[in-house]
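A structural walkthrough
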Amino acid sequence: MADTLNPADFNERVTEYLEAVSGKPVEIKQLRPLAGGVTRDSWVIQAKLGDEFQQLVLRRDMMAEIDERALERDQEFLLMQAASAAGVLLPRPRWYCTETCILGAPFLIMDYVEGVSIGSQVVNLPELADARRRLPEQMGQQLACIHHIKTDNLTFLPRPRPGYSPAQETLVQMRVTLLKLGVHNPALVFALRWAEKHLPPGGEMVLLHGDFRIGNLIVTTDGLKGIVDWEFGQLGDPYQDLAWPCVRGWRYGRGEMQLGGIGEREPFLHAYEQASGRTIDRKIVDFWEIMGNLQWAVAALAQAQRHLSGKDTSVELASLGRRSAETQLEALRLIAQQEM
Amino acid sequence: MYDRPTLAELLEAVRAHLENQIVPLLKDDRKRYFQTLVAVNVLRVAERELLLSAEHLQAEWQRLNYVQKLDTLIPADPQAARDALAERNRKLSMQINDGDFDTAPQQAALFEHLLQTAVEQLQVANPKFLQSLALEDAERERQH
C-alpha cells in the first residue's frame, strides 16, 4: 500500500495526521522526497502548523525490512528522545506512528535539520573544508555524550546474549549468517578465527549509536549539526562505535583519510578520551576496525543472497556479492599489520 | 564455431547500449538511474571475468596445491574445475577451523594465498579499488 498512495492522497494523509497529533490546522506548502536509502523513504515537509511555519522530515518504512536487528519506529523514537534529552546533536523527534493504515507503513517524524549528509558530498564539497577540520573533534565529543546516556528505560535495545561479550556476539552472528548462506570462504574463516584468538577483554556495555559514520551526520559550514539514523541503536562495547567510522568503506573515495574520508583518527579518539574520561587502547580500536570490515564482507554476501533467493531482486543487491572481496582484502591487510 | 560477435563483444554491445541510450533517459528517475549504472558496471565485471577467469582458476588451483600440500591435476572441463575448486575451498575452510594453519610457516603460506585470491577477485570485480590501494601504499612508502 505504501507504494500505491498517489501524491495527492499522500499529501492529504500527512495533513490529516499532523492535524490530529498537533491539534492545529495544518497547511502543507511543500512535500518533497529526500535522498532515500534502501529501507526507508524520506520526505521533507514544509508546513504551517497553526501560525507556525515548520520544516519536518518524515521517514517511512518500505515493504521489505532488511535487518532484523533494526529498531522499530517507536523504539527509534524513544532512543532519539533519550539522546535529545542528553544534549546529543540530532533532529528533535516529534511523532511516531506504528499504524500501517495511514501511510501504508510505520513512520517517524522529526525536525528538519539543514545541512549535508550524503557521504561523498561531506567528503568532497570545497565549502565544507573548515567543517571537515572540526568534525573529528566534534564526532569524538558527541560519541562520548551518546555513550554516557542511561539505558535503564531502553529495555528494547538489542544486546549480546547472556555470557557473550559484544565481540563474541558479533563473531557468532557472522558465523551463523555464513552458515545460513552456505558460504565456505577461507578468507572469512581465517579472519574470524584470527578475531576469536585476539578477542579484547570484555569491557563495559554502553549505549551505542550502532551506525556512527560519515553518511549519517548532517554537516554545515559550521560543522556537525545532527546525528541521524538511530535504527541500529544497541548495547555494546564503546569501541564498536569508535572503530566503525574508520572502516574504509565509509571514506567515500578519500581512502587515505582514515576517519570517514574527512580526517585522521587521532584527533577523534583524543577528543573522545577528553570528553568521556575513558582511556582508549588504540589496538582495540584496530580490532574493531577489522571486525567492522568483516561485518561488511558478510553483509554484502547476505545482500546478494536476498537477490538470489528471489526475496528482493535487484541488480544492485546482486552486485554486492562481488564487492565482499573489497572488505575481505582490507580485513586481511589490517590483520597483517597486527601481530598475527 | 560461433560467428562474431564473440561473447565479450556481445556484452560490450549491451553495455554500450545501456550506458549511451538508456541511462541518459533516466535522469529524472534517480533510483532507476543508479540501478542502471550498476547494471552497466556489472556488464564490465562480466567482460573482465571472461578475460581473466581461466587464468585465475589455474593460479588458485596451483596455490591450493602448495598450501594444502597436494599435487592434484585441475579437471580439464571448466565447470568441473569450478566445482572441484569449490570443494577444495570447503576443505580448506575446515582445515583452518581444525587449526591446521595455526603455526607460523603454514599460516604465512595460507595468508599469501588468501590475499592473492582476494586480489584476483577484485581484478574482475573492481580493479579501481586495487589501483587506489596501490596508490595509497606508494604514497605512504614515499612519506617514510
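Note: the structure precedes this text.
Calculation criteria
Residues numbered from 1 in each chain as written. Chains lettered and ligands numbered in written order. Predicted model: local features only at pLDDT ≥ 70, side-chain atom pairs only at ≥ 80, totals over all residues. Heavy atoms only, no water. Helix = DSSP H or I, 4+ residues; strand = E, 2+ residues; numbered from the N terminus. Rg over C-alpha atoms; globule rule 2.2 N^0.38 Å. Contact = heavy atoms within 4.5 Å. Areas by Shrake-Rupley, 256 points an atom, 1.4 Å probe, with all protein chains shown as cover. Lys, Arg positive; Asp, Glu negative; His and termini not counted. Charge placed at Lys NZ, Arg CZ, Asp CG, Glu CD. 1 Å grid on protein atoms, 1.4 Å probe; cavity = no way out; pocket = protein on both sides within 12 Å on 5 of 7 lines; lining within 4 Å. Points joined across faces, edges and corners; volume = space filled by probe spheres on them. Nonpolar A, V, L, I, M, F, W, Y, C, P; charged D, E, K, R; others polar. Salt bridge = Lys/Arg side-chain N within 4 Å of Asp/Glu carboxyl O. Buried < 20%, exposed > 50% of the residue type's maximum accessible area, 1.4 Å probe, protein only. Core = buried A, V, L, I, M, F, W, Y, C linked by side-chain atoms within 4.5 Å. Buried area = accessible area lost by both parts, 1.4 Å probe. Polar contact = N/O pair within 3.5 Å; in protein donor to acceptor, adjacent residues only side chain to side chain. Phe/Tyr/Trp six-rings, centres within 6.5 Å; stacked < 30°, edge-to-face > 60°. Lys NZ or Arg CZ within 6 Å of the ring centre and 35° of its normal. Patch = residues over 30% accessible without salt bridge, like charges linked within 9 Å, V, L, I, M, F, W, Y side chains within 5 Å.

**Quick notes on the overall build of chain B**
Within chain B one finds five helices and zero strands. Each helix and strand of chain B, placed in order from N terminus to C terminus, yields the pattern α-α-α-α-α. Here the C-alpha atoms of chain B give a radius of gyration of 20 Å, more than 25% beyond the 15 Å that 2.2 N^0.38 yields for 144 residues. Here the C-alpha coordinates of chain B stretch approximately 55 × 55 × 25 Å along the principal axes. Relative to all contacts within chain B whose residues are 6 or more apart in sequence, the contacts with residues 24 or more apart total 55%. On chain B, roughly 9,400 Å² of surface is accessible, and the fraction owed to carbon and sulfur atoms is 58%. For chain B, the centre of its 17 positive side-chain charges and the centre of its 23 negative side-chain charges are spaced 6 Å apart.

**Regarding empty space enclosed by the protein**
Empty space among the atoms can be located by rolling a probe the size of a water molecule over them. Residue and element names in this part refer to chain A. For the structure shown, the criterion picks out one cavity of 30 Å³ or more. Its volume calculated, the largest cavity comes out at about 30 Å³. Lining the largest cavity we find S165, P166, A167, P200, P201, G202, G203, D237 and W288. Counted by class, the lining of the largest cavity contains five nonpolar, three polar and one charged residues.

**Some words on the pattern of salt bridges**
Pairing is possible between side chains of opposite charge, provided their charged atoms come close. Within this structure, the stated rule accounts for 36 salt bridges over all chains. In this structure, D211 of chain A and R213 of chain A form a salt bridge, with 2.9 Å as the shortest nitrogen-oxygen distance. Accessibility expressed as a relative area gives 11% for R213 of chain A, which makes it buried. Among the salt bridges present, the one from R140 of chain B reaches D137 of chain B, with a minimum N-O distance of 3.5 Å. With R140 of chain B and D137 of chain B both in helix α5 (residues 127-143) and three residues apart, the pair spans about one turn of that helix. It is possible to trace a salt-bridge network through shared partners that takes in R248, E330 and R333 of chain A together with E136, D137 and R140 of chain B.

**Some details on the nonpolar core**
Residues and elements named next belong to chain A. Judged by nonpolar contacts, the single largest core of 85 residues is most densely connected at M139 and W230. It is helix α9 (residues 282-308) that provides the largest number of residues to this core, a total of ten residues. Among all residues touching M139, those that are not within four sequence positions of it are F212, I214, L217, L224, P245, L259, I262 and F268. With 19 residues, the next largest nonpolar core counts L5, L49, L58 and W95 among its residues.

**A look at the interface of chain B and chain A**
Listed per partner, the contact involves 31 residues of chain B and 25 residues of chain A. For the pairing of chain B and chain A, the buried interface totals around 2,700 Å² over both sides, and the portion due to carbon and sulfur atoms is 65%. Inspection of the chain B/chain A interface yields five salt bridges. Where E136 of chain B meets R248 of chain A, a salt bridge forms, and the shortest distance between an N and an O atom there is 2.9 Å. Along the contact surface separating chain B from chain A lie nine residue pairs in polar contact (both at pLDDT 80 or more). Elements supplying a minimum of two residues to the side of chain B that touches chain A: α2 (30-68), α3 (78-97), α4 (104-125) and α5 of chain B. Broken down by element, the side of chain B that touches chain A gets its largest block of residues, eleven residues, from α4 of chain B. A class-by-class count of the residues in the side of chain B that touches chain A yields 18 nonpolar, eight polar and five charged.

**Notes on the packing of aromatic side chains**
Residue and element names in this part refer to chain A. For the structure on display, the rule yields nine aromatic pairs over all chains. Among the aromatic side chains, those forming a connected cluster through ring pairs are W194, F287 and W288. Geometry around Y164 places R161 over its ring, the cationic atom sitting 5.5 Å from the centre. The cationic tip of R213 hangs over the ring face of W250; the distance from NZ or CZ to the ring centre is 3.7 Å.

**Re a nonpolar patch on the surface**
Residue and element names in this part refer to chain B. Together, L7, L10 and L50 make up an exposed nonpolar region whose accessible area comes to about 270 Å². Here L10 shows up in helix α1 (residues 7-22). Judged by its relative accessible area of 44%, L10 falls in the partly exposed class.

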